[in-house]
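Residue-level structure breakdown
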Amino acid sequence: MKNQIRVFFFKSLHRISSASIISISLVPSLSMADSIMFQSNLERTGVYNDLGPEESPELAWKFDAASPIISTPLVYEGTVYFANFSGDIYAVDEQDGSVIWEKDLEGEPSFQITLSEDSLLVGLRFSDEGDNSYLISLDRMTGNENWRFETDYQTGLGTPAIYNETVFLTSVQDYLFSLDLMTGEELWRYPIHGRQGEIVISNDTLYSQDSSQTLHAISSELGQEKWRLTSPPTKRSAFGTPSANSCCIFTIINNDTSGSLTKINKNSGELEAEFKIEFPSLSSISLADEVAFFGDEGEGHADAHGYMNAMDIESGELLWRFETEGFVRGAASIAGDTVYFGSHDHYMYAVDRHTGEMRWRYETNAGIASTPAIVDGRLYFGSIDGHLYVLE
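Here's a quick rundown of the structure. Quantities reported herein were computed from a predicted structural model and do not represent experimental measurements.

This part is about the overall build of the protein chain. For the protein chain, the count of helices and strands is zero helices and 34 strands. Expressed as a percentage of its 392 residues, the buried residues of the protein chain come to 62%. Across the protein chain, contacts joining residues at least 24 apart in sequence account for 48% of those joining residues at least 6 apart. When the accessible surface of the protein chain is split by element, carbon and sulfur atoms take 45% of a total near 14900 Å².

Another aspect to go through is unusual backbone geometry. One non-glycine residue, Ser40, lies in the positive phi region at around 80°. Along the chain, the position of Ser40 falls in the loop between β1 (7–9) and β2 (59–64). Ser40 sits in the partly exposed class, given a relative accessible area of 22%. Phi is positive for Arg44, which is not a glycine, with a value near 55°. As for its placement among the helices and strands, Arg44 is situated in the loop between β1 and β2.

If you walk across this open sheet you meet the four strands as β20-β21-β22-β23, and the pairing is antiparallel. In this open sheet, the two edge strands, each paired with only one partner strand, are β20 (243–244) and β23 (271–277). In the sheet, strand β21 (residues 248–254) pairs with strand β22 (residues 259–265) via seven bridges, with the strands oriented antiparallel. Looking at β22, one finds that Phe250 is bridged to Lys263.

Right, let's talk about the sheet that holds strand β31 (residues 358–363) for a bit. Taken together, four strands build an open sheet; the order of strands is β28-β29-β30-β31 and the sheet is antiparallel. Bordering the open sheet on either side are β28 (333–335) and β31, each of which pairs with just one other strand. For this sheet, the mean inter-axis angle between neighbouring strands, taken without regard to orientation, is 20°. Direction of pairing for β28 relative to strand β29 (residues 338–342): antiparallel, over a ladder of three bridges.

Counted according to the given criterion, the structure contains eleven salt bridges. With its nearest N and O atoms 3.3 Å apart, the salt bridge here joins Lys263 to Glu314. Here Lys263 is found in strand β22, whereas its partner Glu314 is found in the loop between β26 (307–312) and β27 (318–323), with 51 residues between them in sequence. On the accessibility criterion, Glu314 (48% relative accessible area) is partly exposed.

Core analysis: the largest hydrophobic core is formed by 30 residues, its most contacted members being Tyr81, Ile89, Leu120, Phe168, Leu176, Ile201 and Leu206. Every element with two or more residues in this core is listed here: β3 (74–76), β4 (79–83), β5 (88–93), β9 (119–127), β10 (135–139), β12 (161–163) and β15 (186–191). It is β9 that contributes the most residues to this core, three residues altogether. Contacts of Leu206, omitting those with residues within four sequence positions, involve Phe168, Leu176, Trp188, Ile199, Val200, Ile201, His216, Ala217, Ile218 and Ser220. If you look at the next biggest cluster of nonpolar residues, it comprises 27 residues, including Trp61, Met348, Ala373 and Val390.

For the rest of this paragraph, the subject is the packing of aromatic side chains. With the rule as written, the count across this model stands at 17 aromatic pairs. Considering the side-chain rings of Tyr81 and Trp101, the 6.4 Å spacing of their centres and the 50° angle between planes classify their relative orientation as tilted. Residue Tyr81 is located in strand β4, and its partner Trp101 is located in strand β6 (residues 99–104); the two are separated by 20 residues in the primary sequence. We note that Tyr81, like Trp101, is buried. Centroid distance Phe279 to Tyr307: 5.8 Å. Interplanar angle 5°. Geometry classified as stacked. Highlighted residues: Phe279 in the loop between β23 and β24 (286–288) and Tyr307 in strand β26, separated in sequence by 28 residues. For Phe279, a relative accessible area of 12% puts it in the buried group. Among the aromatic residues, ring-to-ring pairing joins Phe322, Phe341, Tyr347 and Tyr349 into one connected group. Above the plane of the ring of Tyr175 lies Arg189, whose end atom (NZ or CZ) is 5.0 Å from the centre. Of note, Arg321 hangs over the ring of Tyr307, and the distance from its end group to the ring centre comes to 4.9 Å.

Pairing of strand β30 (residues 347–352) with β31 involves five bridges; the strand directions are antiparallel. Each bridged residue has a counterpart across the sheet, and for Val351 the counterpart in β31 is Met358. What sits between β30 and β31 in their antiparallel hairpin is a turn of five residues, with Gly356 showing a positive phi close to 80°.

Summarising burial for β29: five of the five residues are buried, a large majority. Here β29 shows a buried face lined by Thr338, Tyr340 and Gly342 and a second buried face lined by Val339 and Phe341. As consecutive antiparallel partners, β28 and β29 are separated by two residues, and within that stretch Gly336 has a phi angle of approximately 60°, a positive value. Judged from the five bridges that link them, β29 and β30 form a sheet pairing that is antiparallel. Across the sheet, Thr338 pairs through a bridge with Asp352, a residue of β30. Linking two consecutive strands that pair antiparallel, namely β29 and β30, is a turn of four residues; a positive phi of about 90° is found at His346 within it.

How each quantity is defined
- What you see as residue numbers is a count from 1 along each chain, following the sequence as written.
- Side-chain atom pairs in this predicted model are given and counted only at pLDDT of 80 or more, local residue features only at pLDDT of at least 70, and totals for whole chains, interfaces and linings cover all residues.
- Note: side-chain values were computed over all heavy atoms of the structure, leaving out hydrogens and water.
- Under the DSSP-based scheme used, a helix requires at least four consecutive residues in state H or I and a strand at least two consecutive residues in state E, with every element numbered from the N terminus.
- Summary of the burial criterion: residues with accessible area below 20% of their type's maximum are buried, those above 50% are exposed, and those between are partly exposed, where the area comes from a 1.4 Å probe applied to protein chains only.
- Any two residues whose heavy atoms approach within 4.5 Å are treated as being in contact.
- Per-residue accessibility takes into account occlusion by the displayed protein chains alone, with areas from the Shrake-Rupley method and a 1.4 Å probe.
- A pair of strands counts as paired when DSSP detects no fewer than two bridges linking them.
- A fitted line through C-alpha atoms serves as each axis, taken over the contacting stretch for helices, and the angle formed by two N-to-C directions is quoted from 0 to 180°.
- The salt bridge criterion pairs a side-chain nitrogen of Lys or Arg with a carboxyl oxygen of Asp or Glu, the two atoms within 4 Å.
- Definition of nonpolar core: a set of buried residues of the types Ala, Val, Leu, Ile, Met, Phe, Trp, Tyr and Cys, connected through side-chain atoms within 4.5 Å.
- Classification of ring pairs rests on two measures: the distance between centres of Phe, Tyr or Trp rings, Trp counted by its six-membered ring, which must be within 6.5 Å, and the angle between planes, read as stacked under 30 degrees, edge-to-face over 60 and tilted in between.
- A positively charged side chain is recorded as over a ring if its NZ (Lys) or CZ (Arg) lies within 6 Å of the ring centre. The angle to the ring normal must also be within 35 degrees.

This is how it looks when you write it as structure tokens:
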């Protein structure tokens, strides 16, 4: 039956307690109610210092961007920033969605965008001409270009991360770059096998999982390798983003038919645990307390039902699993006792973080791969139908 939802319960639900809030101080004047990056913080936990709509929400407004919106919308000082798949960058009013400025990058942008106090950063993965890519810094108030960084060879550029007045970003092919935030000048580059997901930053260390599923730990200041963990060869590649807590970094390693949630010591790079997951996953990991949340591909065929999973990171016990009628590829956003995520079955879901029971769902006109942002009681997300949705 279409849109029938089943929730699978597992024992030891008492292990999921209240959300742990992990905050990263990037720029002192940024408000706790703002959302300036994918997954809320540099450790990519997906935990927000706010509450979203917990009961059946209403549509505050929506914006027609005329092209799929994959990125997480960013919200800062009354303005919402987002990109569509065609390369249009928008700044719109938080209250009603009216346009403040827009800019056409003339190519496919990075999957996510990033804000500093003064600038909006976005990478260009592929240009309309096919022979140009760059990272561009835009004045967040006007959309005017501050600077752009172009490589000395042809490659797409991914999502930037900002830390200690420095920009870090990966190329689609073979490097992780470090740039000066103010000028865009290259500081160093580190060789990797290309990257699709985002960089995790914790305790002055960059963590990046490349397309071969090798996890790298790199000094943020000097670009020197601290350790790397290599995965067995497989036809599948890494797509999602790892997540870090105080001791470990967690990532998903896919094999040809399933995969594992992998727990690695942040300091030594030693493998601490591998927990088998039933289906391959292209989702990023979210962390709250001792629980990892991640989506999956289900059986992988076009009509497969994908799941949002909650797994104990100490025991590997699957605490609950929530079934949708499409792939779940976006990450979970966590606010209070609620987990928010989208599915390719066209719905945005809100489920109880402790039990996996559905609180509500909201239908759009196409699949949802955008990970939502949660600011001042509102939920911001994009859909493949080309609209930005704001629920309250």
